[in-house]
Amino acid sequence: MSHHLDEIDRQIIHALMSDARNTSAPMIAEEMNVSAGTVRNRIERLEEAGVIRGYTAIVDFEQAGGRLTSVFMCTVPADERERLALAARSIPGVINVRVLMAGRRDLQVVAVGEETSDLREIARALSGLDIRIEDEELLQTELHTPYSRFLSDDAEGSVVTDTVTLADGTAVIEVCVTDDAPIVGHSPSEARADGLLSDDTVVTSIERDGSIIHPVGDVSIRPNDVVTVLPKESSEDDVLDAFLADGDEPPAATS
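Things to note about the pairing of strand 1 (residues 68-75)
In terms of burial, strand 1 is largely enclosed, as seven of its eight residues are buried. Looking at chain direction, strand 1 and strand 3 (residues 107-113) are connected through seven bridges and run antiparallel. Considered in strand 3, the bridge of Ser-70 is made with Ala-111.

Pasting the structure below:
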């Protein structure tokens, strides 16, 4: 089952894909108008969910002693893809294995050798696993870039919100509270009493500095809180007016 990503998650992933080594939680938080604790908490959740699977150095093997990198395009039986991929990964010199969904050349193996004889030995090892090599090419250049769809056009300094429409049509809104939002300093009950929120609007959780707070009693809402709201009968625009300063626009709903 896939993990739902909101705008905070997407921007964190984009920043880490850009340069995970030199990007800290406070740096990401400053760009997104959330706390560093919230960013650290989200990164941990993304790691636990398997969305972020690790942090790996990108090595130029040609610069690393003039080594050769080869890409083997292979064909394997459909019901053996996963097993053979794991077996291929165990071959010394193999650094990456990709399993494709269907068709011929459904297994791609990237391997590194100090000379061509090393690559020939890897090819023999692959063939010994009943992996059919269809083609082989030496890799000249490999370019990496973060996934652009994870960065909104106005991400810098933007107010991070997410609106999800559930199967029954109910909207769940997640919004990052701005410094000058009308609801700042109010508890949810006070906001309803003052007319900032309608009586049927429920604040289900507040994410603050990486911790989830259940909004009971006199817990007041602060700037940079990430608040999850169930509007019920109220319109989404009316709900967001309490959490956003004038001029801030929420994103389109997702499902």
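Section: helix 4 (residues 81-89)
Three or more residues of helix 4 are buried, namely Arg-81, Leu-84, Ala-85 and Ala-88. Across the axial projection of helix 4, the buried residues extend over an arc of 105°, all falling on one side. Of the residues in helix 4, the exposed ones pointing more than 90 degrees away from the buried face are Glu-82, Arg-83 and Leu-86. Buried positions along helix 4 lie against strand 2 (94-99), strand 3 and helix 5 (116-128).

A few points about the layout of surface pockets
Approximately 2000 Å³ is the volume attributed to the largest pocket. As for the largest pocket, its lining consists of 40 residues, of which Thr-56, Ile-58, Asn-96, Glu-142 and His-144 are closest to the centre. Residue classes in the lining of the largest pocket are distributed as 22 nonpolar, ten polar and eight charged.

Points about the sheet that holds strand 4 (residues 132-138)
Two strands in a sheet stick together by hydrogen bonds in their backbones, pointing the same way (parallel) or opposite ways (antiparallel). Sheet architecture is open: four strands sit in the order 2-3-1-4, paired in antiparallel fashion. A strand with exactly one partner marks an edge of an open sheet, and here the two such strands are strand 2 and strand 4. Geometrically, the sheet is characterised by an average inter-axis angle of 20° between neighbouring strands, direction not taken into account. Strands strand 2 and strand 3 of the sheet are contacted by helix 4, whose axis makes an angle of about 170° with strand 2.

So, the packing of helix 1 (residues 7-19) against helix 3 (residues 36-48)
Running from N to C, helix 1 and helix 3 cross one another at 85°; their axes reach a closest spacing of 10 Å. As summarised for this structure, helix 1 and helix 3 are arranged roughly perpendicular, according to the angle between their axes. Of the residues in helix 3, those in contact with Ile-8, Asp-9, Ile-12, Ile-13 and Leu-16 of helix 1 are Val-39, Arg-42, Ile-43 and Leu-46. When grouped by side-chain class, the residues that make up the contact of helix 1 with helix 3 number seven nonpolar, no polar and two charged.

Description of helix 7 (residues 236-243)
In an α-helix, one full turn covers 3.6 residues, which means residues spaced three or four apart are oriented alike. Three or more residues of helix 7 are buried, namely Val-239, Leu-240, Ala-242 and Phe-243. Buried residues along helix 7 cover an arc of 150° about the axis, so they all sit on one side. In this fold, the buried residues of helix 7 make contact with strand 6 (171-176), strand 7 (202-208) and strand 9 (226-230).

Rules used in this analysis
- Residues numbered from 1 in each chain as written.
- Predicted model: local features only at pLDDT ≥ 70, side-chain atom pairs only at ≥ 80, totals over all residues.
- Heavy atoms only, no water.
- Buried < 20%, exposed > 50% of the residue type's maximum accessible area, 1.4 Å probe, protein only.
- Helix = DSSP H or I, 4+ residues; strand = E, 2+ residues; numbered from the N terminus.
- Pairing = 2+ DSSP bridges.
- Arc of directions from axis to C-beta.
- Contact = heavy atoms within 4.5 Å.
- 1 Å grid on protein atoms, 1.4 Å probe; cavity = no way out; pocket = protein on both sides within 12 Å on 5 of 7 lines; lining within 4 Å.
- Points joined across faces, edges and corners; volume = space filled by probe spheres on them.
- Nonpolar A, V, L, I, M, F, W, Y, C, P; charged D, E, K, R; others polar.
- Axes fitted to C-alpha atoms, helices over the stretch in contact; angles between N-to-C directions.
- Parallel < 35°, antiparallel > 145°, perpendicular 65-115°, else oblique.

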